[in-house]
Amino acid sequence: YPPSPPIITLLPPLSLTSLSLLPFFPFLSEEAVAVTTRPYIYRCRSPNMEDFTCWWHPLDNLTGGEEVTYLLTYSKEYECPDYKTGGPNSCHFDRSHTSVWTSYCMNVTAITPQWNYTSKGLCLDVADIVETEAPINLTFVLTDAGKDETGHNVRLSWVYPKPEDLQYGWITLEYEMQYRQVTEPDRWKVKHPLREPHVELLGLRVGDYVVRVRSRSHNNGLWSKWSSPLLMSIPDRLSSGKVLVLVLVVGVGVVAFLVFTFGIMPHSKRIKEYFLPAIPKPRIMGIDPLLLKKGHLEEINRHFSNFHGYRPPSYSEEVLPVWNTRGKGYSVQFSYTVNGFYKY
């Protein structure tokens, strides 16, 4: 590519704003000090190893009202195909203008009514600028709640936001997950590399955790941005279980008491009669029980005389002296026998 035109003027040292941008220029080194006198390309990114976009920093030493036009050229003779898709001060290369394993050399020229300012040339391979998307929908599920001594197991999962970028097979994703307790802001624990969009953490203590995930192509070292942080709470299942059991026991006891008080006690007599029915009094078919109570033996004998072999009972009366405890003497009591048994 042709050499850059000479710098026309030298301006005062860089401002603090310009210096703060220097760490984000991976493609530039000492040439970044000329940001006030010519444009420079500070970032190029390909999400899928097929199309890519480059952004440049515009001139910042122009006076008000001065018109400037930017022209990006690559491979010495081709101009940028799309200045709009990537936003202001950018150039987008779609799939029809890119090829895998091809090196692209480009520079940007700022055209003003007085002078043209051309950036330092930059050469790149699309495979070297692959930067994937940040994962989304980070969620967790408790898979096994053990005792406090053993900790709890958690399964975390997430989603890659643009699966269409992976359909051609140029990119094989890998993930890095970091997590820490909320009370320990500087003690991140790392899980890397992860080839699947999920991972299981074992033996986590009770408490609150912050989790984040990022991705990259397996063949490239440019990590994506971090996902939105996930606040993960690990409950004390053991204590919660005890409280739940206590609540259930108390609740069941109260319900049983209410049922017994308002449902069973008013009907206790009926229930007793159902489970313990009264024993029926002995009776003889065809004989009125009142005859037995009143002692109408003649009428009873008349009824039994119809049965074969029935013999009326014999009666005999006796006079027996009985000691009277009230009168301190003897009294007379009459008795009779029925078939040899005494009746008083």
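Residues numbered from 1 in each chain as written. Predicted model: local features only at pLDDT ≥ 70, side-chain atom pairs only at ≥ 80, totals over all residues. Heavy atoms only, no water.

K.L.:
Could you give me a rundown of unusual backbone geometry, with the residues and numbers involved?
P.N.:
For the bond from His 192 to Pro 193, the omega torsion is -5 degrees, close enough to zero to count as cis. Within the secondary structure, Pro 193 sits in strand β12 (residues 189-194). Not every positive phi belongs to a glycine, and Ser 75 is a case in point at roughly 50 degrees. With respect to the element layout, Ser 75 can be found in the loop between β3 (69-74) and β4 (78-79). For Asn 137, which is not glycine, the phi torsion reads 55 degrees and is therefore positive. Inspection of the secondary structure puts Asn 137 in strand β9 (residues 136-145). Taking the relative accessible area as the measure of exposure, Asn 137 reaches 53% and is therefore exposed. (Helix = DSSP H or I, 4+ residues; strand = E, 2+ residues; numbered from the N terminus. Buried < 20%, exposed > 50% of the residue type's maximum accessible area, 1.4 Å probe, protein only.)

K.L.:
How would you summarise the sheet that holds strand β2 (residues 52-57) if you had to cite specific residues and measurements?
P.N.:
As summarised here, the arrangement of the three strands in space is β1-β2-β5, forming an open sheet in which the pairing is antiparallel. Only two strands of the sheet have a single partner each, and these edge strands are β1 (40-45) and β5 (90-93). Across this sheet, the average inter-strand angle for adjacent strands is 20 degrees, counted without regard to direction. Where β1 lies against β2, five bridges are found, and the strand directions are antiparallel. Residue pairing across strands places Ile 41 opposite Trp 56, the latter belonging to β2. (Pairing = 2+ DSSP bridges. Axes fitted to C-alpha atoms, helices over the stretch in contact; angles between N-to-C directions.)

K.L.:
Quick rundown of the pattern of salt bridges? Include the residues and the values.
P.N.:
Opposite charge on two side chains lets them pair, provided their charged atoms get close. Evaluated as defined, the whole model comprises eight salt bridges. We note a salt bridge from Arg 43 to Glu 131, for which the minimum N-O separation is 3.0 Å. A residue pair is termed long-range when its members are at least 10 positions apart, and Arg 43 in strand β1 and Glu 131 in the loop between β8 (122-125) and β9 qualify at 88 residues. The salt bridge partner of Arg 95 is Glu 50, with a shortest N-O separation of 3.0 Å. Taken as a pair, Arg 95 in the loop between β5 and β6 (103-111) and Glu 50 in the loop between β1 and β2 lie far apart in primary sequence, 45 residues in all. (Salt bridge = Lys/Arg side-chain N within 4 Å of Asp/Glu carboxyl O.)

K.L.:
Would you mind going over the packing of aromatic side chains in detail, with residue names and values included?
P.N.:
Within this structure, the stated rule accounts for nine aromatic pairs. Relative to Tyr 104, the ring of Phe 52 has its centre 5.6 Å away and its plane inclined at 55 degrees; by these criteria the two rings are tilted. Residue Phe 52 is located in strand β2, and its partner Tyr 104 is located in strand β6; the two are separated by 52 residues in the primary sequence. For the residue pair Phe 52 and Tyr 104, the accessibility class agrees, reading buried in each case. For the pair Phe 93 and Tyr 104, a centre-to-centre distance of 6.4 Å together with 50 degrees between the ring planes defines the contact as tilted. Of this pair, Phe 93 sits in strand β5 while Tyr 104 sits in strand β6, and the two are 11 residues apart along the sequence. Phe 93 sits in the buried class, given a relative accessible area of 0%. Exposure remark for Tyr 104: the relative accessible area of 5% places this residue in the buried category. Three or more aromatic residues link up through ring pairs in this structure, and these residues are Phe 52, Tyr 74, Tyr 78, Phe 93 and Tyr 104. Seen from the ring of Trp 226, Arg 212 lies directly overhead, with NZ or CZ sitting 4.2 Å from the centre. (Phe/Tyr/Trp six-rings, centres within 6.5 Å; stacked < 30°, edge-to-face > 60°. Lys NZ or Arg CZ within 6 Å of the ring centre and 35° of its normal.)

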